[in-house]
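# A closer look at the structure
Residues per chain are reported as follows:
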Amino acid sequence: MPASGLSILIPVYNYDVRPLVEALRQQADALEWAVEILCWDDASLPEFQNINAPLGQLPGVTYRLMPENLGRSRIRNRLAEAARYDYLLFMDGDSEVTRADYLEQYQSHCTPGRLLYGGRIYQPEPPESPRLRFHWHYGRSREVQRAETRQKQPYHSFMTNNFLIPKALFAPIQFDERLLQYGHEDTLFGLELQRRGIPILHLDNPLIHAGLEPAETFLRKSEQAIENLVFLYQEGSLRETRLLRAYERLDAWKAARPARYLLDQVRPLLKQHLLYANTPNLRAFDLYKLGVLLHYLCN
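Here goes a summary of the coordinates provided. As the structure is a computational prediction, the values presented were derived from the model and not from experiment.

## Description of the packing of aromatic side chains
Aromatic ring pairs: the centre-centre distance and the angle between the two ring planes describe each pair. Applying the stated criterion across every chain, the model contains 19 aromatic pairs. Plain terms: the ring middles of Tyr138 and Phe285 are 5.5 Å apart, the flat faces sit at 90 degrees to each other, and that makes the pair edge-to-face. Placement of the pair is Tyr138 in helix H5 (residues 133–143) and Phe285 in helix H12 (residues 282–297), with a sequence separation of 147 residues. Just as Tyr138 is buried, Phe285 falls in that class too. Ring pairing ties together the aromatic residues Phe90, Tyr117, Phe158, Phe163, Phe170, Phe175 and Phe189, which thus form one cluster. The cationic tip of Lys289 hangs over the ring face of Phe285; the distance from NZ or CZ to the ring centre is 4.5 Å.

See below:
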């Protein structure tokens, strides 16, 4: 049996997590819980390994370097297996704490039978670099929601950046390790929670997503997510996403192949807009993703 307390699990990849860990350590000292912080580096570049390695010298912190990149699902599962305590708090390494009572909020709401999701926010001002504004604009427009709104569709609104779950609930589910690249591991996990009837309580206890990516990287990861989506759709694991519903409507109308042809023609123009516009049109992004999906499903 795991001991009573909180294990904070942070996968690290090419990011300086020292400020995040220090903020968490300061709050942990005020909790009645026993707290450990596990920072596992998923084969970052040497410069980031050197930056973060001293974390292993801090009391209550374990820093471990993976010999190879495990990917988003596998490293989270390995962190959970290594955790000593009965509550697991997962967070992304490129996060920033916004509330002085962030850990206390989780502790005050946790119970053995449900998951808590705190949310995600972005800095209010756009980044100085134009290359980062696409990611910032998308996140602010599509990912930021108050807890009251998220609770209306609790499983659909779940993301893996900031959630607390009892270890006993997580162990039989885990993240699907077949997904080796970015995308939809949170969607699949949320659906499994729903299938098992595990309730989610949404809180206004967000972390800032500080690790904005250049437009080229953000677009490439979006394409990888669609590759995962196609894999899960074709094997029958996942059907309920907005993008898949759009495809199925087109397919029912016998319009999927014509739409693919049209979007193949305009996709280079859409990509140029998304990469270089100061404020990219998110409808154009939706069309771009639909074109990528149709490219895979309409061979």
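## Comments concerning helix H11 (residues 256–276)
Here H11 contains 21 residues, and its C-alpha end-to-end distance of 29 Å stays within 8% of the 30 Å for a straight helix at 1.5 Å per residue. Of all bends in H11, the biggest is about 45 degrees, found at Val266, and the proline Pro268 comes one to four residues later. Residues Ala256, Ala259, Arg260, Leu263, Arg267, Leu270, Leu274 and Leu275 constitute the buried set of H11.

## A look at empty space enclosed by the protein
Picture a little ball the size of a water molecule; that probe, rolled over the atoms, points out where space is still empty. As enumerated under the stated definition, the model contains 1 cavity of 30 Å³ or more in all. Of the volumes computed, that of the largest cavity is approximately 30 Å³. What lines the largest cavity is simply Asp92, Asp94, Ser95, Arg120, Asn161, Leu207, Ile208 and His209. The leading source of residues in the lining of the largest cavity is strand E10 (residues 207–209), at 3 residues.

Cut-offs applied
Residues numbered from 1 in each chain as written. Predicted model: local features only at pLDDT ≥ 70, side-chain atom pairs only at ≥ 80, totals over all residues. Heavy atoms only, no water. Phe/Tyr/Trp six-rings, centres within 6.5 Å; stacked < 30°, edge-to-face > 60°. Helix = DSSP H or I, 4+ residues; strand = E, 2+ residues; numbered from the N terminus. Buried < 20%, exposed > 50% of the residue type's maximum accessible area, 1.4 Å probe, protein only. Lys NZ or Arg CZ within 6 Å of the ring centre and 35° of its normal. Expected span 1.5 Å × (residues − 1). Bend = angle between axes of the 7 residues up to and from the residue. 1 Å grid on protein atoms, 1.4 Å probe; cavity = no way out; pocket = protein on both sides within 12 Å on 5 of 7 lines; lining within 4 Å. Points joined across faces, edges and corners; volume = space filled by probe spheres on them.

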